[in-house]
Each structure stands twice: as C-alpha cells, then as structure tokens.
Amino acid sequence: MRFCSVFLVFGLAAAMGVSHAADLPPRESYQRPADIPSPPDNPLTIEKAALGKTLFFDPRLSRDGSMSCATCHNPGMRWSDGRILPLRADGVEHARRTPTVLNSAWLNALMWDGRAASLEAQAVLPITTAHEMNFEMPLLLDRLKDIAGYRTLFTQAFGDAGMTHKRVTQALASFQRTLVSKPAPFDRWVAGEENAISEHAKRGFALFEGKARCVACHSSWRFTDDSFHDIGLPSLDPGRGAKVPQVVIMQHAFKTPSLRDLPGNGPFMHDGSMNSLEEVVKHYEQGGIQRASRSAEMKQFELSEAERGYLIDFIRTLDGGPLDVTPPQLPE
Ligand code: HEC
Ligand code: HEC
C-alpha cells in the first residue's frame, strides 16, 4: 500500500510536468508581468485612458459616422469582430482578419506584418484608411472641437482643451493599454495552485512544450515570440515579405498571435481560414505547404485523437473570460 502511493506520487509528478526538463522554458517565463508598460512620452493615466475609451467607441471618428474602433474591435467578441475578413474588406487585395487589441500594451510591432511600431503610430491608420473609417485627421479634429464634452475630457487628460493629432493617438493608445487579459486558470496553476487546471490540460501543456513544439513560437506569458513566421498556409499574401522582399524567410510571414482569450471557434489566422482549434492543430501536425520561406520550426508530427484533445484543453486554460468594460456615454 505504501509503495503504491509513492509510485502514484512519482507518476503524477511526471504527468504534471513537475520534473521540468532543463531545455524547456522555465515555468517563471509564463508568469504575468506586474505592471502595464507605457512609453516615457505617453505615461498611462486614468484620465487619458478615459478620453481614449470615449474616442474608441465613438463612430464620429469615421467620415460617415457609421464606424468606431469598437465596430471591429468589439468587447463582446474578444476585441475582434468574429468575421473572417473585416467589414468593407470585399475586393480589398490581401485583406486581413481583425486581430484582438487585448494585451496590445506589450506589442512592439503592430499589425499582422508589423508595419506599425507603436499603438500611438497605429491609431491613425484605421481612421484614415479608405475602406475603414475613411476620415482625415484635420477634419476629425475640427469635428471633435465642436463637441463640448470632448473639451472637458481633453482638459482632464492633458491640462487644456487643445485637440491635436498627437493627443488623439496618445489617448487611444492609453485606453488600449488598459485592456489586459484577466488571470486565467493557467496563471493560477503557474502560481502554484495544482488543481487550477485538469490533468488532461497538464498533459496538453507537456505536448505544447514537447512533441508538438508550439512553444518554439508561442512563448512567454502571452504565448507569442513577437516575431514573424511562414507557417505554410495557402494564402498568397506576402505578409511581412512585402517590406523585405530580399529576406526569404519573411515571405508569407505573419506575426505570431497570442493564444490568450481566443474566441471559441475562431476564425483563426491572418486570413480567417480556420474555424476550430482542431483544424489548427491538424495543420501543424501536417506541417503546411513546403516552400523556401516556411519556418524551420514547422516540422511534421503525429498526435493521437486523445492528445489533440489534451492540447486543446490546455489552450482553453489560457482563457480568463471577457473583460468587464461598459461602453462610455458619448459626449454631446
Ligand atoms: C473595419 C474594421 C476596423 C476598424 C474600424 C478598426 N480596426 Fe483595428 N484592425 C483591423 C484590422 C483588419 C487589423 C489588422 C490589419 C493588418 O494587419 O493589416 C487591425 C489592427 C489593429 C491593431 C494592431 C493589433 C495587433 O495585434 O497588431 C490595433 C492596435 C488596432 N487595430 C486598433 C484600432 C483602433 C484604435 C481603431 C480605431 C481608431 C481601429 N483599430 C479600427 C480592423 C479594424
Ligand atoms: C513556426 C512558429 C510557430 C509554431 C511552431 C506554432 N505556431 Fe501557431 N502561429 C504562428 C503564426 C506565425 C501564426 C499566424 C499565422 C498566420 O496567420 O499566417 C500562428 C497562429 C496560431 C493560431 C491562431 C491564432 C489566431 O488568433 O488566429 C493558433 C490557435 C496557433 N497558432 C496555435 C499553435 C499550436 C497549438 C501550435 C503547436 C501545435 C503552434 N501554434 C505552433 C507561429 C507558430
């Protein structure tokens, strides 16, 4: 009886990954950071985030008043839109699926191809893109100046009612920095609460780091290396390759998305081409299209039906649930 329980304890320890192999990322590498980072020239304040929230939900930021940031980055849809391709993307060459803006405080290269270097720089792109909000910054500032409520909000955020391109983008960036994933069951497990995730999910995590090698690209607490890879999808979009045509491995390469708070059934990938995690895992098992640009980390492997399920159970433990954000009252 005694022997048996000792044996059980060892067996469990191995299954739970307690005996973490030396070449795997240390468990601490998954620990959530304590603070939200913000750049020195735009420190995060409650007032700037409050102004940014109002702007984010205000359709008057689009020329015809029909579209706000939240139209596509909808809090009820994990800050994306649940669509394969965004609204009005019909006929747009290489249109891409709307990514979440959750945890965007930690991004240092934004958009699927990394073409924006900061949240501040990114914010102007959707406002001025023809098939998105289709507006112009000077006209937008004129419109905002006529709204008394905005004069108050700008004064609270910046000390005076001056409305500039820079302040609009700083406020939008500040609000988005406050959108941080809630702690998920996996976080409680990393913190030492052994029963926070199921035995199946623990096996899935071992596969994630082991045989399936997902961690080669989906690393850190956000489960991304913040880098770009071609994972062999059939899409013809050159991705980051359009910026650096001479770099072979950047052709068809896209930013590694975070695996936190994924929508239940996608759509997943830059082209919205997959709608279940099972389909995603099968793609990795098979390795995708072989071409010169495909990442060397894309190696074929085989999972049993049960193992595929464990891996998906693990990914589900990265879901902390929707944020409690109530849309603001829009100022008159
Ligand atoms: C019509 C839908 C639409 C609207 C409206 C929209 N976005 Fe987006 N957003 C997208 C799409 C699509 C992308 C990815 C584009 C790409 O990579 O080429 C994106 C990317 C982003 C990203 C980068 C996220 C990442 O992971 O790199 C941020 C941040 C963002 N949008 C913020 C905003 C803000 C702020 C507004 C309002 C000013 C806004 N968006 C309005 C569709 C939209
Ligand atoms: C070579 C690096 C690499 C490896 C290895 C890798 N991924 Fe990915 N993953 C990416 C990139 C890059 C994308 C986005 C690709 C695109 O849209 O073109 C992605 C997308 C995803 C998505 C879709 C997320 C979304 O928001 O659309 C999921 C889910 C995912 N990967 C899970 C996994 C799992 C599970 C494994 C292991 C079986 C794995 N990945 C292995 C780089 C990688």
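Residues numbered from 1 in each chain as written. Chains lettered and ligands numbered in written order. Predicted model: local features only at pLDDT ≥ 70, side-chain atom pairs only at ≥ 80, totals over all residues. Heavy atoms only, no water.

## What about the domain arrangement of the chain?
As far as domains go, the chain holds domain 1 (46–177) and domain 2 (183–316). Once you take the C-alpha centre of each, domain 1 and domain 2 turn out to be 28 Å apart. The interface of domain 1 with domain 2 comprises 20 residues on the first partner and 22 residues on the second. For the pair domain 1 and domain 2, the interface holds two salt bridges. Among the ionic pairs, R78 bridges to D261, the shortest N-O distance being 3.9 Å. Of the residues belonging to the side of domain 1 that touches domain 2, the class tally is nine nonpolar, five polar and six charged. (Domains from an automatic or database assignment. Contact = heavy atoms within 4.5 Å. Salt bridge = Lys/Arg side-chain N within 4 Å of Asp/Glu carboxyl O. Nonpolar A, V, L, I, M, F, W, Y, C, P; charged D, E, K, R; others polar.)

## With respect to the site of ligand 2
In the vicinity of ligand 2, 26 residues are found, and the nearest of them are C214, C217, H218, H270 and Y284. Interatomic distance of 2.6 Å between a backbone N/O atom of H270 and an oxygen atom of ligand 2. For the shell around ligand 2, the elements supplying multiple residues, two or more each, are β2 (254–255) and α10 (277–286). The greatest single-element share of the shell around ligand 2, amounting to three residues, is contributed by α10. For the shell around ligand 2, the class distribution of residues is 17 nonpolar, five polar and four charged. (Near = heavy atom within 4 Å. Polar contact = N/O pair within 3.5 Å; in protein donor to acceptor, adjacent residues only side chain to side chain. Helix = DSSP H or I, 4+ residues; strand = E, 2+ residues; numbered from the N terminus.)

## Overview of the site of ligand 1
The environment of ligand 1 is made up of 26 residues, and the closest members are C69, C72, H73, M111 and W112. In the model, an oxygen atom of ligand 1 is placed 3.4 Å from a nitrogen or oxygen of the R96 side chain. Measuring from an oxygen atom of ligand 1, one finds a side-chain N or O atom of R115 at 3.0 Å. Breaking the shell around ligand 1 down by element, the ones donating at least two residues are α3 (69–72) and α4 (119–128).

## Things to note about the environment of G162
The topology assignment puts G162 in the loop between α6 (148–158) and α7 (165–177). Given the relative accessible area of 27%, G162 is considered partly exposed. On a C-alpha basis, the gap between G162 and L141 in space is 9.8 Å, while along the polypeptide they are 21 residues apart. (Buried < 20%, exposed > 50% of the residue type's maximum accessible area, 1.4 Å probe, protein only.)

## Focus on the pattern of salt bridges
Taken as a whole and judged by the stated rule, the model has 22 salt bridges. When the shortest N-O distance is used, the salt bridge between D64 and R88 registers 3.7 Å. Of this pair, D64 sits in the loop between α2 (46–57) and α3 while R88 sits in the loop between α3 and α4, and the two are 24 residues apart along the sequence. Judged by its relative accessible area of 36%, R88 falls in the partly exposed class. Beyond isolated ion pairs, a larger network of salt bridges with shared partners links R96, D113, R115 and D237.

## Regarding the packing of α2 against α7
Contact geometry of α2 with α7 gives a least axis separation of 7 Å together with a crossing angle of 95°. The angle between α2 and α7 falls in the class roughly perpendicular. Along the contact surface, α2 presents K48, A49, L51, G52, K53, L55, F56 and F57, while α7 presents V168, A171, L172, S174, F175 and Q176. For the contact of α2 with α7, the class distribution of residues is nine nonpolar, three polar and two charged. (Axes fitted to C-alpha atoms, helices over the stretch in contact; angles between N-to-C directions. Parallel < 35°, antiparallel > 145°, perpendicular 65-115°, else oblique.)

## A short note on α4
Counting buried positions along α4 gives seven out of 10 residues, so the element sits mostly inside the fold. Along α4, the positions that sit buried rather than exposed are L119, E120, Q122, A123, V124, P126 and I127.

## Some points on the coordination of the iron atom of ligand 2
Here the iron atom of ligand 2 is held by H218 (NE2) and Y284 (OH), and the distances to it run 1.9 to 2.1 Å. Coordination at the iron atom of ligand 2 comes from six donor atoms whose angles at the metal span 82 to 179°, giving a geometry best classed as octahedral. Of the two residues, H218 sits in the loop between α9 (199–209) and β1 (228–229) while Y284 sits in helix α10, which places them 66 residues apart along the sequence. Of the residues examined, H218 reaches a relative accessible area of 9% and is grouped as buried. The exposure class of Y284 is partly exposed, given its relative accessible area of 21%. (Donors = N, O, S within 2.8 Å, 3.2 Å for Na, K, Ca; no water. Tetrahedral: all angles 85-135°; square planar, octahedral: opposite > 155°, others 65-115°.)

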